[in-house]
Amino acid sequence: MDKAIRIRAARPTDADREAVARLNAAVPREERHDIEPRSPGALRELDELLARRGHALGRHVAEGVATGEVVAYGHWFHVPWAHHPARFWCSVRCAPDHRRRGIGARLFAAMERDLERLGARELRSMARETQPEMVALAARLGFRELFRSWDFELDLAQGSAPRAGEGSPPPGIAIAPLSEERARRPGWLPELHALYLAVSREVPLPNHVDPELPAEAFAAYLEGSPASLPEACFLAKEGGQYVGLCILHRNEEDPACLDHLFTGVAAGSRGRGVARALKLETVAFARRRGYARIATAVESNNPGMLALNEQLGFVRRGGLVVLEKRL
């Protein structure tokens, strides 16, 4: 045990939030996980969201005994997107120069003591496929693999990428970008919001941490954030009713790339090619605007979307291993 480091409960202060956010912000893009806010404000928003939902949250930090510098943290909270009172999510991050010193294991032990008092039964977490040592550590701590969330990329310069005019929407289906739909249909938001909530509840990972995302927050997600691109969000309609949606944002770190964040089709309209038609529209849009790549992620337990991505020329680029420990 490193006696120069102590573990303590995090305080709900700006200083502790800044320290945790700084650790997250230092993680290279290729090593990042979901739900690791990289600014104090975003971390506060997560904490406040969990409090509003009545979800439990615990956070510990590791700090130098002599310096008081926070060099690692671990936190746990109820899984918002698959809520059960005995199911929790956890994450541990350690500064690179303090790894392999047993600090993460000490943080995990502190979290387990918290969760035992709460009667937790399931604990979930993630590790990158490109970090097999982290997957191995999780296995030693008693975690098993649930599924994987794979990263995919479509290189629009490759000959295998779809070209303009390939395919057409299924009979009776019309597709339009949000930027046009909101102009001709002022009442678009409630119906589209309902479709998003219905479909996103089936996703085993958070596209958005809040599974009951309010309508105004959903609208901001579509068209109000710095990365939003409403002209690249496409809606599928049948008889005036929304039956499909895909959401793309700018990649804030790579201006040549679009992030395809969400594809969803209403249960009664699946199996007809609606998702394919939506994705073809996004490819056509990216080509028109001069983008070089589209990045997305698909879960290993979603064979239909995996097959569709393969058909469209997306190439797997690694991903996340989702893990679970029974307590």
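For the structure, check the block above.
Parameters and conventions
Residues numbered from 1 in each chain as written. Predicted model: local features only at pLDDT ≥ 70, side-chain atom pairs only at ≥ 80, totals over all residues. Heavy atoms only, no water. Helix = DSSP H or I, 4+ residues; strand = E, 2+ residues; numbered from the N terminus. Rg over C-alpha atoms; globule rule 2.2 N^0.38 Å. Contact = heavy atoms within 4.5 Å. Lys, Arg positive; Asp, Glu negative; His and termini not counted. Charge placed at Lys NZ, Arg CZ, Asp CG, Glu CD. 1 Å grid on protein atoms, 1.4 Å probe; cavity = no way out; pocket = protein on both sides within 12 Å on 5 of 7 lines; lining within 4 Å. Points joined across faces, edges and corners; volume = space filled by probe spheres on them. Nonpolar A, V, L, I, M, F, W, Y, C, P; charged D, E, K, R; others polar. Salt bridge = Lys/Arg side-chain N within 4 Å of Asp/Glu carboxyl O. Buried < 20%, exposed > 50% of the residue type's maximum accessible area, 1.4 Å probe, protein only. Phe/Tyr/Trp six-rings, centres within 6.5 Å; stacked < 30°, edge-to-face > 60°. Lys NZ or Arg CZ within 6 Å of the ring centre and 35° of its normal. Core = buried A, V, L, I, M, F, W, Y, C linked by side-chain atoms within 4.5 Å. Polar contact = N/O pair within 3.5 Å; in protein donor to acceptor, adjacent residues only side chain to side chain. Axes fitted to C-alpha atoms, helices over the stretch in contact; angles between N-to-C directions. Parallel < 35°, antiparallel > 145°, perpendicular 65-115°, else oblique. Pairing = 2+ DSSP bridges.

Bringing the overall build of the protein chain into the picture now. Looking only at helices and strands, the protein chain features nine helices and twelve strands. The C-alpha radius of gyration of the protein chain comes to 21 Å, within 12% of the 20 Å expected for a compact globule of 327 residues. Contacts spanning at least 24 positions in sequence make up 70% of the contacts within the protein chain whose residues lie at least 6 apart. Looking at the protein chain, you have 46 positive and 43 negative side-chain charges, and the mean spots of the two groups are 2 Å apart.

Before going further, it helps to spend a moment on empty space enclosed by the protein. Overall, the coordinates contain one cavity of 30 Å³ or more when judged by the stated rule. Each pocket or cavity is described by its volume, and for the largest cavity that value is around 90 Å³. Along the walls of the largest cavity sit Trp81, Tyr196, Ser200, Arg201, Val203, Leu205, Pro206, Asn207, His208, Asp210 and Pro211, which together make up its complete lining. The residue makeup of the lining of the largest cavity, split by class, is six nonpolar, three polar and two charged.

Quick look at the layout of surface pockets now. What the second largest pocket holds in volume is close to 800 Å³. Lining the second largest pocket are 32 residues, with Val92, Cys94, Gly104, Met134 and Leu137 sitting closest to its centre. Split into classes, the residues belonging to the lining of the second largest pocket amount to 16 nonpolar, seven polar and nine charged.

Across all of its chains, the model carries 33 salt bridges by this definition. For the salt bridge of aspartate 16 with arginine 8, the shortest nitrogen-to-oxygen distance reads 2.9 Å. Of the two residues, aspartate 16 and arginine 8, neither departs from the other in class, the shared state being buried. Connected through shared salt-bridge partners, Arg87, Glu122, Arg124, Arg144, Glu324 and Arg326 make up one network.

Moving on, we get to the packing of aromatic side chains. Tallied over the full model, the rule gives seven aromatic pairs. Aromatic side chains tyrosine 196 and tyrosine 221 sit 6.4 Å apart centroid to centroid with 55° between the ring planes, which places their arrangement in the tilted category. A residue pair is termed long-range when its members are at least 10 positions apart, and tyrosine 196 in helix 6 (residues 188-200) and tyrosine 221 in helix 7 (residues 215-223) qualify at 25 residues. Pair check on accessibility: tyrosine 196 and tyrosine 221 agree, each one buried. Through a chain of ring-to-ring contacts, three or more aromatic side chains come together here, namely Tyr196, Phe218, Tyr221 and Phe262. Its end group placed over the ring of phenylalanine 314, lysine 279 keeps NZ or CZ at 4.9 Å from the ring centre. The ring of tryptophan 150 carries arginine 316 above its face, with NZ or CZ at 4.1 Å from the centroid.

Before going further, it helps to spend a moment on the nonpolar core. Buried together is how nonpolar side chains tend to be arranged in soluble globular proteins. Of all hydrophobic cores here, the largest spans 51 residues; its most connected members are Leu192, Tyr196, Phe218, Leu222, Leu245 and Ile247. Among the elements that line this core, the one with the most residues is helix 8 (residues 274-288), at eight residues. For leucine 222, the contacting residues outside a window of four places in its chain are Leu178, Trp188, Leu192, Ser228, Leu229, Pro230, Cys233 and Ile247. Counting 14 residues, the second-largest nonpolar core is a separate cluster that includes Ile35, Leu49, Val209 and Leu320.

Looking at the element boundaries, asparagine 24 is found in helix 1 (residues 14-25). By relative accessible area, asparagine 24 is classed as buried at 1%. At 2.8 Å, the side chain of asparagine 24 and the backbone oxygen of proline 37 are in polar contact. Those residues in contact with asparagine 24, other than ones at most four positions away along the chain, are Glu36, Pro37, Arg38, Tyr73 and Arg93.

Along the chain, the position of threonine 263 falls in strand 10 (residues 257-265). The spacing of threonine 263 and cysteine 246 is 17 residues in sequence and 4.3 Å in space, taken between C-alpha atoms. Each residue touching threonine 263, except ones within four places of it in the same chain, is listed here: Leu245, Cys246, Ala275, Lys279 and Met305.

Take the packing of helix 6 against helix 7 next. For the pair helix 6 and helix 7, the least separation of the axes is 10 Å and the interaxial angle reads 90°. Put simply, helix 6 runs roughly perpendicular to helix 7. Along its contact with helix 6, which presents Trp188, Leu189, Leu192, His193 and Tyr196, the element helix 7 presents Ala215, Phe218, Ala219, Tyr221, Leu222 and Glu223.

Turning to the side chain of aspartate 47, a few remarks are in order. Within the secondary structure, aspartate 47 sits in helix 2 (residues 40-52). Every residue in contact with aspartate 47, bar those within four places of it in the chain, is listed here: Arg17, Leu57 and Arg59.

Right, let's get into the pairing of strand 6 (residues 144-155). When strand 6 meets strand 12 (residues 315-326), the two strands line up antiparallel, connected through eight bridges. Its bridge partner being in strand 12, tryptophan 150 is matched across the sheet by glycine 319. By the bridge criterion, seven bridges tie strand 6 to strand 11 (residues 293-299) in an arrangement that is antiparallel. Along strand 11, the bridge assignment pairs aspartate 155 with arginine 293.

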